[in-house]
Amino acid sequence: MSAPKILSTGRCLPARVVTNEELSKTVETSDEWVYSRTGIHARHFCEKESGLDLAMGAAQQALDRAGLKPEDIGVCLVATFTPDYASPSMACLLQKHLGMLEDTLCFDLNAACAGFLYGMKTAHALLRDSVRPYALLVGCEVISRVLDMTDRNTCVLFGDGAGAAVLCRDEDAQWHTVFGSRGDPESIWVQGPGPDKAAVHMEGKAVFRFAVEVVEKSIRQLLEAEGCGINDLDLVVCHQANARIIDHVAKKLKAREGLFYKNMDRYGNTSAASIPMALDELVLAGELKPGMRVLIVGFGGGLTWAGALLKW
Ligand SMILES: CC(C)(COP(=O)(O)OP(=O)(O)OC[C@H]1O[C@@H](n2cnc3c(N)ncnc32)[C@H](O)[C@@H]1OP(=O)(O)O)[C@@H](O)C(=O)NCCC(=O)NCCS
């Protein structure tokens, strides 16, 4: 199947770092408890920054690295479940503040932690019929805005951040994808709108079971479509919710040590931002290079999941 090409990436995090140690002063928890169950030591929380500030920072980096100007973009999508406003969309705000042309197709999409891959699929489809051949895709979340900081079951898990990518049409690029959704407002949900009600609720064990099921299944489907084994891949980048989910799947698939990337120790679960942030980190570290075979998997609220196997 023809695929979009990722030309560049970018990332932006709020300045404030909140450690497990700091959280343990306000809720009954400890670094040992959180790290041993999730692999998370710290996360960034917005203090002064808006979601738009994060999205702008990540988007500008991605544009600069692609050598493009805002006027070159034909499609602008923001994947988020924590936009600054219900309306206008984050994508419309980006259009104005970055200076994209008024005929740029701008909208937000909500597929929770699978949002970046849903965004790639959507951008790819829209680029076929776009006024200009480049799409800007941003995963941006300010989850601290919807956390109940007295609920230790959820407040230790999430963080804020943004990751961006510039995509273009590429007639030669190929990928395999899988997508799924399962309406389930009981395992993980965000009540809203309204500041008193807005909070993430989660049945941790149910979400864990769902995640390991769909991540393993998606990876097996993609490997079968590609006709290769797990250890023929160069890199697997999963949504960074929890190290135990990733380790569990990696073990079941008999993946070699280090194949599955993990960075949730520093960022927590940043939902739609986690995959583009991880890709950006890998590119900058020189660990993700052109020609590498990469498998990407997202999963989360909805429930939703998505996977893609592509050549970088
Ligand atoms: C959330 C998660 C880490 C909880 O781990 P768990 O082993 O399932 O823990 P449980 O929910 O059974 O809770 C065990 C105990 O720890 C307590 N606990 C929960 N959060 C705690 C915290 N931050 N610190 C200390 N204790 C905590 C619970 O209250 C419970 O206590 P109790 O036995 O006295 O009632 C785990 O279920 C998980 O990772 N789920 C997936 C979550 C996820 O990734 N969601 C996002 C998907 S996009």
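Model, not experiment: these values are computed from the prediction. (Residues numbered from 1 in each chain as written. Predicted model: local features only at pLDDT ≥ 70, side-chain atom pairs only at ≥ 80, totals over all residues. Heavy atoms only, no water.)

(A) Looking closely at the packing of aromatic side chains. In this structure the tally under the stated criterion is 2 aromatic pairs. Taking the centre distance of 5.0 Å and the plane angle of 80° together, the rings of Tyr 118 and Phe 179 count as edge-to-face. Residue Tyr 118 is found in helix α5 (residues 115-127), and its partner Phe 179 is found in strand β7 (residues 161-181); the two are separated by 61 residues along the sequence. Judged by its relative accessible area of 21%, Tyr 118 falls in the partly exposed class. Given the relative accessible area of 30%, Phe 179 is considered partly exposed. Taken together, a centroid distance of 5.9 Å and an interplanar angle of 65° make the contact between Phe 210 and Trp 305 edge-to-face. On the criterion of sequence distance, the pair formed by Phe 210 in helix α7 (residues 204-226) and Trp 305 in strand β12 (residues 304-311) is long-range, its members being 95 residues apart. (Phe/Tyr/Trp six-rings, centres within 6.5 Å; stacked < 30°, edge-to-face > 60°. Helix = DSSP H or I, 4+ residues; strand = E, 2+ residues; numbered from the N terminus. Buried < 20%, exposed > 50% of the residue type's maximum accessible area, 1.4 Å probe, protein only.)

(B) How the structure looks around the pattern of salt bridges. Inspection of every chain in the model, using the stated rule, returns 14 salt bridges. Residue Glu 22 pairs with Arg 16 through a salt bridge whose shortest N-O separation is 2.5 Å. A salt bridge links Arg 65 to Asp 280, with the nearest nitrogen and oxygen atoms 2.8 Å apart. With Arg 65 in helix α3 (residues 51-66) and Asp 280 in helix α10 (residues 274-284), this pair connects stretches of sequence that are 215 residues apart. Given the relative accessible area of 1%, Asp 280 is considered buried. (Salt bridge = Lys/Arg side-chain N within 4 Å of Asp/Glu carboxyl O.)

(C) View of the domain arrangement of the protein. For the protein, the domain assignment lists domain 1 (3-170) and domain 2 (176-311). Between the C-alpha centres of domain 1 and domain 2 the distance comes to 16 Å. Contact residues are listed per partner, giving 49 residues for domain 1 and 46 residues for domain 2. The contact between domain 1 and domain 2 buries some 3,400 Å² in all, and 65% of this surface belongs to carbon and sulfur atoms. Contact with domain 2 buries surface across domain 1, with Arg 11, Cys 113 and Leu 117 losing the most and accounting together for 21% of the total. Mapped by element, the contributors of at least two residues to the side of domain 1 that touches domain 2 are β1 (2-12), α2 (31-38), β3 (42-45), α3, α5, β6 (134-141), α6 (152-155) and β7. Counting residues per element, the side of domain 1 that touches domain 2 draws most heavily on α5, at 6 residues. Considered class by class, the residues forming the side of domain 1 that touches domain 2 number 23 nonpolar, 16 polar and 10 charged. (Domains from an automatic or database assignment. Contact = heavy atoms within 4.5 Å. Buried area = accessible area lost by both parts, 1.4 Å probe. Nonpolar A, V, L, I, M, F, W, Y, C, P; charged D, E, K, R; others polar.)

(D) Main features of the nonpolar core. Core analysis: the largest hydrophobic core is formed by 49 residues, its most contacted members being Ile 219, Ile 230, Leu 233, Val 236, Phe 260, Leu 295 and Phe 299. For this core, the secondary structure elements donating two or more residues are α7, β10 (235-238), α8 (243-252), β11 (293-300) and β12. Split by domain, this core shows at least three residues from each of two domains, domain 1 (3-170) and domain 2 (176-311). When sequence neighbours within four positions are dropped, the list of residues in contact with Ile 230 reads Ile 219, Leu 223, Val 236, Leu 253, Lys 254, Ala 255, Leu 259 and Phe 260. In terms of nonpolar packing, the next biggest core, distinct from the first, is built from 34 residues, Ala 79, Leu 137, Ala 272 and Val 294 among them. (Core = buried A, V, L, I, M, F, W, Y, C linked by side-chain atoms within 4.5 Å.)

(E) Broad picture of the pairing of strand β5 (residues 105-109). With 5 bridges joining them, strand β4 (residues 73-79) and β5 adopt parallel strand pairing. Bridge assignment links Val 75 to a residue of β5, and that residue is Leu 105. For the handedness criterion, the β-α-β arrangement of β4, helix α4 (residues 90-98) and β5 is classed as right-handed. (Pairing = 2+ DSSP bridges. Right-handed = clockwise from strand over helix to strand, strands pointing away.)

(F) Local environment of unusual backbone geometry. Cis rather than trans, the peptide bond between Ser 87 and Pro 88 has omega equal to 5°. Examined against the element boundaries, Pro 88 turns out to sit in the loop between β4 and α4. Look at the link from Gly 302 to Leu 303: it is a cis peptide, with omega at -5°. Among the structural elements, Leu 303 can be located in the loop between β11 and β12. With a phi close to 55°, Lys 254 is a non-glycine residue in the positive phi region. Assignment of secondary structure puts Lys 254 in the loop between α8 and α9 (264-267). With phi around 50°, Ser 271 is a residue other than glycine that occupies positive phi space. Relative to the helices and strands, Ser 271 is located in the loop between α9 and α10. Ser 271 gets classed as buried once you look at its relative accessible area, which sits at 1%.

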